[in-house]
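# A closer look at the structure
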Amino acid sequence: MSDITVSPAPAGSPPVNPFQGRRPGRRWISRAFAGLSILATLMALAVLFVVLWYIGGRGIEYMTTAFFTNLPLQTPEGMRNCIIGTVILVMLSSVLGVPLGMLCGIYLAEYARKGWFTYAARLVIDLLAGTPTILLGVIAWQLVVVPMHHQSGWSGALALAFIMVPIIARATEEMLRLVPHAHREASAGLGASHAQTLFRVILPAAKAGISTGIMLAIARVAGETAPLLFTALGNDQAVYDPNQPYPSLTLKIWQYSQSAEASWRHQAWTGVLALVSLVLIFTAAVRFTVREKK
Amino acid sequence: MTPPVTADNHVSGHRSASASAAGSGSMSVETRAARHAIEIQGLNVHYGKGHAVHDLNLNITHGEVTAFIGPSGCGKSTILRCFNRMNDLVSGCQVRGSIKIHGANIYDRRTNVMELRRRTGMVFQKPNPFPKSIFDNVAYPLRIHGIRGKAVIKERVEKSLRSAGLWDEVKDRLNTSALSLSGGQQQRLCIARAIAAEPDVLLMDEPCSALDPIATKTVEKLINDLSKTITIVIVTHNMHQAVRVAHQTAFFYMGRLVEAGPTDKLFHKPDHQQTLAYVTGQFG
């Protein structure tokens, strides 16, 4: 046990630690910074938690089976068509927006040369991402509703697709840029064409990041209301033909939340809970599918 | 400055089909092509305004290992990257002059760069396996060049991994990620990948600079074994390595070829004072 002998400090002098820092302030600044960032994270989480708690509580309080099985004008009333409508609407907009956004991102990351066109393209995409979504609804209205002379699912899907494209384009571009140059070199050095390198090496390597971007875009449009106001319009019937005015959960929530009728306001709460759950389930499912395999 | 033509027993096996298609067709080209895997004439490389390689004339003998040595920034890697046109990927890089591989000018408009790169494998300074399984890494060049059929691919993957001396270490875990291998194993995997499509020429850009001495030894033995069947050009910072692996050595300084010749001669009785100074460690 005691091969090592510790020489006692000479009597009379206080023990001195030779490793005592000369600038203890550094350590305090470091700790303070760590504390600050933890605090900020907790505050952000607290806001989210309060919102979820509130929605969960109110939503469950008024939840009935009829909510999921009945239509708005039936008794007891429900939002079945709105839930299905939102799912289809988001799917339609994804069919338009995801390939378009990804192709834009691929162009910007892989093919674009420095020049005014690329510069302009990036600028426009950034502007589009920052445009109030109600304006994108106006564009979809002008492009689809005006020629058709009535509101429709197509116009709603188009408005949502407009929102998705810039988000997905920028996410794709950033993720492709993160793929190490060594992978491109290795692939090119083996005689792969640019497209082969892209599809077999770069896109698989960026898969997780790109799908996160797509997921964010989908979650974002699932909650959009403003661009649907004068495009999808909403529908109280179980109508899922995109040529007709289209039912949407967000529109229904918006409509009911302003109602004087207490039972409608309660329905709105449950609608919000349903919407949040939809997004949550979808996000979890995507994460699970594209998780890094060991 | 041209290395003396050495007696060469592996002359005829690797004649390129494109040599007769794109070459001038004269008899002299045909016979020269048989001895020289790579013929470089009047090569100049510019990066933007920088002049990286000056008027290079050099022939690289078929079936031998040629080492490029010289201090950092002397242009040796740049030259190597001209042989499979990797410099095409660098914006602002201009290559002038002629490089013939097996008699065909690779900077000719008709050259298919993808085919050129299939026939000139490249191993990079840092091991760069794809984030895929070990098997898929080696199968990659086969698949992109249109080889289908699981049995064929499996056989070629095994053959390449055996040539790279990696088979016994990985045969039981071909489906695990290549990134789980050690640095030396990764580099040998990259060599296996580079030779899977059966190139005639293997270009190695400081392949051992990121490896420990034991892994380096393994790779050098591998170079030795591979040189029996293919022409190898290796860029190296390590002069001892050049002595150990190369039949021919070329010394570059400031973008110019100073001297080229049999490795023994270049290290022991060089013609130029500068070469002597470099190989004896007086600068560099």
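Rules behind the numbers
- Residues numbered from 1 in each chain as written.
- Chains lettered and ligands numbered in written order.
- Predicted model: local features only at pLDDT ≥ 70, side-chain atom pairs only at ≥ 80, totals over all residues.
- Heavy atoms only, no water.
- Axes fitted to C-alpha atoms, helices over the stretch in contact; angles between N-to-C directions.
- Helix = DSSP H or I, 4+ residues; strand = E, 2+ residues; numbered from the N terminus.
- Parallel < 35°, antiparallel > 145°, perpendicular 65-115°, else oblique.
- Left-handed = near helix turned anticlockwise from the far one by under 90°.
- Contact = heavy atoms within 4.5 Å.
- Domains from an automatic or database assignment.
- Buried area = accessible area lost by both parts, 1.4 Å probe.
- Salt bridge = Lys/Arg side-chain N within 4 Å of Asp/Glu carboxyl O.
- Polar contact = N/O pair within 3.5 Å; in protein donor to acceptor, adjacent residues only side chain to side chain.
- Nonpolar A, V, L, I, M, F, W, Y, C, P; charged D, E, K, R; others polar.
- Pairing = 2+ DSSP bridges.
- Core = buried A, V, L, I, M, F, W, Y, C linked by side-chain atoms within 4.5 Å.
- Buried < 20%, exposed > 50% of the residue type's maximum accessible area, 1.4 Å probe, protein only.
- Disulfide = S-S within 2.5 Å.

### A short note on the packing of helix α7 (residues 181-189) of chain A against helix α8 (residues 194-222) of chain A
All names here are of chain A.
- At a minimum axis separation of 10 Å, α7 and α8 run at an interaxial angle of 135°. Between α7 and α8, the angle falls in the class oblique. α7 and α8 meet at a crossing whose hand is right-handed. Together, His183, Arg184, Ser187 and Ala188 of α7 and Thr197, Val201 and Ile202 of α8 make up the contact between the two elements.

### Let's talk about the domain arrangement of chain A
All names here are of chain A.
- For chain A, the assigned domains are domain 1 (28-62) and domain 2 (65-289).
- For domain 1 versus domain 2, the distance between C-alpha centres works out to 27 Å.
- Taken together, the contact between domain 1 and domain 2 spans 8 residues of the former and 6 residues of the latter.
- Counting the surface lost from both domain 1 and domain 2, the interface buries some 700 Å², and carbon and sulfur atoms represent 80% of this.
- Contact with domain 2 buries area across many residues of domain 1, yet Ile55, Gly59 and Tyr62 alone supply 66% of it, more than any other trio.
- Linking domain 1 with domain 2 are 0 salt bridges, by the criterion used here.
- Taken together, the links from domain 1 to domain 2 amount to 2 residue pairs in polar contact (both at pLDDT 80 or more).
- Taken together, the residues that form the side of domain 1 that touches domain 2 break down as 5 nonpolar, 2 polar and 1 charged.

### Brief notes about the pairing of strand β2 (residues 50-61) of chain B
Residues and elements named next belong to chain B.
- Bridge analysis of strand β1 (residues 36-47) against β2 gives 8 bridges, and the strand direction is antiparallel. Note that in β2 the partner of Val45 across the bridge is Val53.
- Taken together, β1 and the strand that follows it, β2, pair antiparallel across an intervening segment of 2 residues, in which Gly48 is found at a positive phi of about 55°.

### Remarks on the nonpolar core
Residue and element names in this part refer to chain B.
- Counting 47 residues, the largest nonpolar core has Ile69, Leu161 and Leu202 as its most contacted members.
- Other than its neighbours up to four places away in sequence, Leu161 contacts Val138, Leu166, Trp167, Val170, Leu174, Leu189 and Ala192.
- In terms of nonpolar packing, the next biggest core, distinct from the first, is built from 33 residues, Val45, Leu56, Ile79 and Ile99 among them.

### Quick word on the sheet that holds β1(B)
All names here are of chain B.
- Taken in spatial order, the 4 strands line up as β2-β1-β4-β5 in an open sheet, and their pairing is antiparallel. Since the sheet does not close on itself, it has two edges, and those belong to β2 and β5 (104-105), each with one partner.
- Here β1 pairs with strand β4 (residues 93-101) via 8 bridges, running antiparallel. By the bridge assignment for β4, Gln41 is matched with Ser98.
- Helix α3 (residues 76-83) contacts β1, β2 and β4 of the sheet and is inclined by roughly 120° relative to β1.

### Thoughts on the state of the cysteines
All names here are of chain B.
- On inspection of all chains with the given rule, the structure shows 0 disulfides over all chains.
- With no disulfide of its own, Cys74 has Cys82 as its nearest cysteine by sulfur position, at a separation of 13 Å.
- Between Cys190, a free cysteine, and Cys208, which holds the nearest cysteine sulfur, the sulfur-to-sulfur gap is 12 Å.

### Observations regarding the interface of chain A and chain B
- Of the residues lining the interface, 16 residues belong to chain A; the matching set on chain B comes to 23 residues.
- Taking both sides of the interface into account, the surface hidden between chain A and chain B amounts to around 1,600 Å²; carbon and sulfur atoms contribute 62%.
- The three residues of chain A that bury the most area against chain B are Glu185(A), Leu190(A) and Arg200(A), which together make up 41% of that side's buried surface.
- Taking the shortest distance from any N to any O, the salt bridge between Glu185(A) and Arg81(B) comes out at 2.8 Å.

### Quick look at the sheet that holds strand β10 (residues 256-262) of chain B
Residue and element names in this part refer to chain B.
- Overall, mixed pairing links the 6 strands, which are arranged β6-β7-β8-β3-β9-β10 in an open sheet. At either margin of the open sheet sits one strand with a lone partner, and together these are β6 (120-123) and β10. Put simply, the sheet's adjacent strands are angled 15° from each other on average, direction ignored.
- Across 4 bridges, β6 lies against strand β7 (residues 201-205) in parallel orientation. If you follow Gly121 over to β7, its bridge partner there is Leu202.
- Its contacts with the sheet put α3 on β3 (65-69), β6, β7, β8 (231-235) and β9 (248-253), and the angle it makes with β7 is roughly 150°.

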